[in-house]
Structures are given as structure tokens and as C-alpha cells.
Amino acid sequence: MSKNATGLTHECGVFGAIGTEFWPENVDISQIIMIGLEALQHRGQESSGIVTTNGTSFHTQKGMGLVRNVFNSENMKKLQGSMGIGHTRYSTSCASDQVNCQPFFVHSIHGSLAVAHNGELVNKDGLRKMVLGRGVGLSTHSDSELITQALCLNPPEGEINGPNWPGRIKHLMQLSPLSYSIVIMLKDRIYVVRDPYGNRPLCLGKILPISDRVNGFNDTQAEGWAVASESCAFLTHIRYVREVYPGEIIEMTRAGIKTIDIIDRPEGKAPAFCIFEYVYFARPNSIFEGQEVYSVRAQCGRQLAIENPVDADIVGSVPESGNAAAHGFAKQSNIPFGELLTKNTYVGRSFIQPTTRLRQLNVSLKFSPIGVNVAGKRLILIDDSIVRGNTIGPIIKLLRKAGATEVHIRVASPPLQHPCYMGINIPTKEELIANSLDSTDLASHVGADSLEYLSVDGLVKAVQRNAKMENNKIGHCTACLTGEYPDGISSKEDW
Ligand SMILES: O=P(O)(O)OC[C@H]1O[C@H](OP(=O)(O)OP(=O)(O)O)[C@H](O)[C@@H]1O
Ligand SMILES: NC(=O)CC[C@H](N)C(=O)O
Ligand code: SF4
Ligand SMILES: [Mg+2]
């Protein structure tokens, strides 16, 4: 997605895999990672990369573009080894450029290290000063490089038996509480790390033996372990096991996986999993907190219908991410669901300049009305979110041109009004349409008969209704909707 795109821009996807058999050569580890990255492609389309190792040498392939463009049968051959990590990037901390492609790979006095990161360090400026102050030269402005170099620093108090990697990771987590899901690969292990607030998603899976992949799920021994930003990356060859807990450090080795530590949040602070993963970012079949994203989106639609009912002939969605909420709204309000728009799946990244005319052209290239469901009908159109308000106006025009008699917009999330400091590129306050127009003014601005949002309480209720975490600690970041940031912070300068 280009920086000129409408809406929110995604984050990054991380993936790691380790084989438990046949070291040093486990033939399909790099393929498993590549397939995992493709399944996470929606999280970032700017660049991607994989680093693998067979326990002695490391192999790297990374570059700009989609996973399909970066990897081919030729360069995949060099990615040998029994474990590896991968990344697909949407840039937040610095330019979308070759030098900032992940994973970062460095040689340290204690061996080589590869790091892939989703998130953004909220206190990266302070951490950068600290790392530079210790005499380290950084080659980029990436907060992910900063993590890599901070881990390589020898602690001033020294280490008794060689490098204490868990101790270094723990120290970094205490210095920087937000936001990250990270995979860190050494020559014989991968550390899997989620920030203490659990702001970014991360989950664990078991790589199934070939026989299980063919015959279904027998509870046989793992052929390896995998970790991914979202469970949608586990396809049929990996069984979802559980989420990585907020603050957890897991060590994955050839012998299996074990929790090394769980780093606490400051006293009294709740977890802060990004609520927008449910609203928009994640694939609908991904699982967070014991529930499928689709079912939460459908529940948001039901809640929206309870809060903002309206009489009409047909309920439809702005595809893709509005679909589930539209089904929920239709069920709750007993109005039939119907497809109102078809989406051109070949319209990928848009390099169109953001002038009004061209934006409208772009929307009409992307969406076409389905006449039979639209002409002469009173419509309820559901979208998951309104950000700059660029998409909805031109769509309403298209629907009216196709003969809609009424168009009521229902938005399955609350108005977006505040910036995100945790790895999501939300437009500036001035660009967020909800900061200049309330729902009534926005309705007339975009040409709708009515326009209503889901309430913050309604969204939280829909998300938390069936959410389950091992320790019963559930909590969500809603900062872009409420201005209440996870650490009780009111502006970026306070971090
Ligand atoms: O108010 P705006 O600035 O126009 O942005 C809001 C739109 O952007 C997103 O869709 P997008 O087309 O990015 O992706 P999707 O196909 O996954 O819905 C979101 O789902 C809204 O439809
Ligand atoms: N979207 C992300 O998670 C980005 C990770 C990191 N901050 C980068 O810019 O590369
Ligand atoms: S501010 Fe919004 S987008 Fe950012 S982490 Fe919180 S809920 Fe997610
Ligand atoms: Mg959309």
C-alpha cells in the first residue's frame, strides 16, 4: 500500500521457524518461512527478507517489493539451514529503502545475530542516544537496527559465563516497554519476544510431520516450531498452539520450546493489545485471545445495529474488511445482506497523486456497484473504518448513479481522532476527518442520508465478549479513538 493510500497503513509481519529433526539440513524451513511471509503479506508490502542458518553459517536474502518478487527458485536455494526468521515490512521508523529491509543481520563478538521486528519503539530517541553514547555506530535510523545493536552491547556490569542473551533481552524490555513482537536468531536458537503490554500480536505453532499434513491432526511429535504475527500464516502444515503472552520471552531450540521469562508491566497497568488488529489489520481467519477475528467483526456489526438502527432494503459492505460487520449488522437488524460493490482485486498499490479527482477515479477503478442489488433500493453500507474520508464519498456517488434511493453509512469502529505511536501510520490530526466533521456534518459532506459510528464501549464490548487469555488479563489499546495511551502517557514527548 502506498503512503498516499487511503485508510490506515499496516504494520509488519514477522515469522520464524526451527526444525527439530535432520539438522543441519532441514530442506523445507526456508520454504515454510517464505510461504508464511506470503500469508502475512497484507501486513506490509514494501520489502521482505529471510535469514536462515544451519548452525554454522548464515544466509540472507532480502529486497524491496512483495515476497513473490524478492524470492525465486534460484535465490531460495542458498537459504539453507534448519531454522530461520523472516519479515515483511511496512516502514514506520524510517524510509522504505533497501538499507532498512529486515531482518537485520550483524556479527557480534559473541557470534552472529539476526533480528526481525514488528512495532515501533516509543522511546527510540532516548535509546538511540544511549546506544550511540556507548560508542556504537548505527548505519540507519531504523528502530529495528537499534534493537539489534542494543542487544549486542556488553552490559557494564559484565557477564560471568559468556553472553547472557535472556538477560540482555530482559534489560532491553525494561528500558523499552512498547511496542514490539520480535524474533532474534543466534546460531542455535531463536528468541521470541512480545512487549509487556502485548501491543503487537504474535503466536506459536507446531510444524506437523508430513503424515499429519496429509491425514489430518494426530497429536504426534512436532517436526519443528513456528512463530508468526498472525495465525493465518500457519496454513495446513502448522498447527496453531497459542499466543505468545505479553512480556514473554520464549527460547526455541532443536530440543523444543520453553518460556524463559515473563516481564511484568509497571504496577497496575493493563495489557494493551491493539484493538485495530480486530477492526482492520488482521486477516479475518486469524485468532487472537482465543477468538477468530471474523467473529469479532461480525459482533461489531451486530452491536452497531443495536446502537444505530435504520430502516432499509438491503445491507452491504465496502469490501474487504467491512464484510463481516455487514453480515452481523444484517442478522441483527433482520434486513437481508446483499453485495453492493464488487472489488477489482488487480488494483494493487496505487501511485496516483492524491488530488480529489484522481482519488475518485481510483475508488471507481477499485469498486463497481452491483446494479441488481442497488437500483431502486434503500441501502445500508457498512465500512470497518473512516480515516481521511476519501473512500466513502466517491462510493456513495457510484451507488447513487447506479440508482440507490437512500444510502445510510454505518461504520463498525468509532471515529479515529488521535495519532498512534506504536507502529501504525495514522494520518495527522488535521487529516483525520473525524477531527473536523461530526457524524451529521460528515454525512452531508460525503452525500449520505445518514452516517453513524460504533461507540468505543460497543467496540470494546464486542472484542472482549469472548476474549480469553491464560491469566485472565485482557486489555486493549484504544488510544487512536480515545487519546488514552497504554502507559498513561498523553503525548509522544512524554515517553
Ligand atoms: O477514510 P479513508 O481514508 O478513505 O479510509 C478508510 C478505508 O480504508 C480502508 O480500506 P482499504 O481500501 O485500505 O482496505 P480493505 O480493502 O482491506 O478494506 C478501510 O477499510 C476503509 O474502507
Ligand atoms: N511496521 C512495522 O512494524 C515497522 C517496524 C520498524 N519500526 C520499521 O520501520 O522497520
Ligand atoms: S493507537 Fe490505535 S492503531 Fe495504535 S496501537 Fe493503539 S489501537 Fe492500535
Ligand atoms: Mg476498506
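Residues numbered from 1 in each chain as written. Chains lettered and ligands numbered in written order. Predicted model: local features only at pLDDT ≥ 70, side-chain atom pairs only at ≥ 80, totals over all residues.

- As recorded in an unreviewed UniProt entry, the chain goes by the name Amidophosphoribosyltransferase, listed as coming from Photinus pyralis.
- According to the UniProt record, the Catalytic activity (unreviewed entry) comment for the chain is "5-phospho-beta-D-ribosylamine + L-glutamate + diphosphate = 5-phospho-alpha-D-ribose 1-diphosphate + L-glutamine + H2O". (UniProt positions renumbered as here; feature names shortened; annotations may be inferred.)

1. Focus: the UniProt feature "active site" (unreviewed entry) in the chain
Then step 1. The UniProt feature table records "active site" (unreviewed entry) at C12.
Then step 2. Tracing the sequence through the fold places C12 in the segment before β1 (13-19).
Then step 3. A count of 27 C-beta atoms within 10 Å places C12 in the buried class.
Then step 4. With residues near it in sequence (within four places) discarded, C12 still touches R43, G44, H87, T88, R89, Y90 and N118. (Helix = DSSP H or I, 4+ residues; strand = E, 2+ residues; numbered from the N terminus. Buried ≥ 20, exposed ≤ 12 C-beta atoms within 10 Å, placed from the backbone. Contact = placed C-beta atoms within 7 Å.)

2. A closer look at the packing of helix α4 (residues 124-133) against helix α5 (residues 143-152)
Then step 1. Interaxial distance between α4 and α5 falls to 10 Å at its minimum, and their mutual angle equals 45°. By the angle class used here, α4 and α5 are oblique. Classified by chirality, the crossing of α5 by α4 is left-handed. Contacts from K124, L127, R128 and V131 of α4 reach α5 at D143, L146, Q149 and A150.
Then step 2. Each residue belonging to the contact of α4 with α5 can be placed in one class, and the counts come to four nonpolar, one polar and three charged. (Axes fitted to C-alpha atoms, helices over the stretch in contact; angles between N-to-C directions. Parallel < 35°, antiparallel > 145°, perpendicular 65-115°, else oblique. Left-handed = near helix turned anticlockwise from the far one by under 90°. Nonpolar A, V, L, I, M, F, W, Y, C, P; charged D, E, K, R; others polar.)

3. As for the domain arrangement of the chain
Then step 1. In terms of domains, the chain is made up of domain 1 (13-269) and domain 2 (287-458).
Then step 2. Centre-to-centre, using C-alpha coordinates, domain 1 lies 35 Å away from domain 2.
Then step 3. If you look at the interface, domain 1 gives 13 residues, while domain 2 gives seven residues. (Domains from an automatic or database assignment.)

4. Quick notes on the sheet that holds strand β3 (residues 58-64)
Then step 1. The seven strands lie next to each other as β3-β2-β4-β1-β10-β9-β11, forming an open sheet whose pairing is antiparallel. Edge positions in the sheet fall to β3 and β11 (238-243), since each has one partner strand and no second. Strand-to-strand twist in this sheet, taken as the mean axis angle between neighbours without regard to direction, amounts to 15°.
Then step 2. Where strand β2 (residues 47-53) lies against strand β4 (residues 83-89), seven bridges are found, and the strand directions are antiparallel. Following the sheet pairing, T53 is matched in β4 by M83. (Pairing = 2+ DSSP bridges.)

5. Notes on the site of ligand 3
Then step 1. Taken together, N199, C274, I275, F276, C420, M422, I424, C477, T478, A479 and C480 are the residues near ligand 3.
Then step 2. In the shell around ligand 3, the residues fall into nine nonpolar, two polar and no charged. (Near = placed C-beta within 6 Å.)

6. Brief notes about the site of ligand 2
Then step 1. By nearness alone, 17 residues border ligand 2, and E11, C12, T92, S93 and N118 come closest of all.
Then step 2. Of all elements in the fold, only β6 (111-119) and α5 reach the threshold of two or more residues within the shell around ligand 2.
Then step 3. Looking at the shell around ligand 2 element by element, the count peaks at three residues for β6.
Then step 4. Among the residues making up the shell around ligand 2, the classes are represented as three nonpolar, 10 polar and four charged.

7. Quick word on the nonpolar core
Then step 1. Within the largest apolar cluster, 143 residues are counted, with the highest numbers of intra-cluster contacts made by V183, I184, I190 and V192.
Then step 2. Of the domains in this structure, domain 1 (13-269) and domain 2 (287-458) are the two that each give at least three residues to this core.
Then step 3. Beyond its immediate sequence surroundings of up to four residues, I184 is in contact with L113, V115, L151, I190, Y191 and V193. (Core = buried A, V, L, I, M, F, W, Y, C linked by C-beta atoms within 7 Å.)

8. A short note on helix α14 (residues 439-446)
Residues that lie three or four places apart on an α-helix share one face, since the helix turns once every 3.6 residues.
Then step 1. For α14, the full list of buried residues reads L442, A443 and V446. The buried residues of α14 occupy one face: seen down the axis, they fall within an arc of 105°. The exposed residues of α14 that point more than 90 degrees off its buried face are T440, D441 and S444.
Then step 2. In this structure, the buried residues of α14 make contact with α13 (392-401) and β22 (450-453).
Then step 3. In the segment just after α14, G447 is the residue with positive phi, at about 80°. (Arc of directions from axis to C-beta.)

9. A short note on the pairing of strand β21 (residues 406-411)
Then step 1. With respect to burial, β21 is a largely interior element, five of its six residues being buried.
Then step 2. Of the strand pairs in this sheet, strand β20 (residues 378-383) and β21 are connected by six bridges, and their pairing is parallel. The residue bridging L379 from the neighbouring strand is V407, located in β21.
Then step 3. Handedness of the crossover joining β20 and β21 through α13: right-handed.
Then step 4. The sheet contact formed by β21 and β22 spans four bridges and is parallel. Looking at β22, one finds that I409 is bridged to L451.
Then step 5. In this fold, β21 hands off to α14, which returns the chain to β22; that crossover is right-handed. (Right-handed = clockwise from strand over helix to strand, strands pointing away.)

10. Let's talk about the sheet that holds strand β8 (residues 190-194)
Strand pairing in a sheet takes place through backbone hydrogen bonds and is either antiparallel or parallel in direction.
Then step 1. The antiparallel open sheet is built from six strands, whose spatial order is β5-β6-β7-β8-β12-β13. If you trace the sheet from one side to the other, it starts and ends with β5 (104-108) and β13 (256-262), each paired once. If you compare each strand with its neighbour and ignore which way they point, the axes differ by 20° on average.
Then step 2. Sheet topology places strand β7 (residues 180-185) next to β8; five bridges connect them, and they run antiparallel. Within β8, the position partnered with I184 by the bridge is Y191.
Then step 3. Packed onto the sheet, α5 meets β5, β6 and β7 and runs at close to 140° relative to β6.

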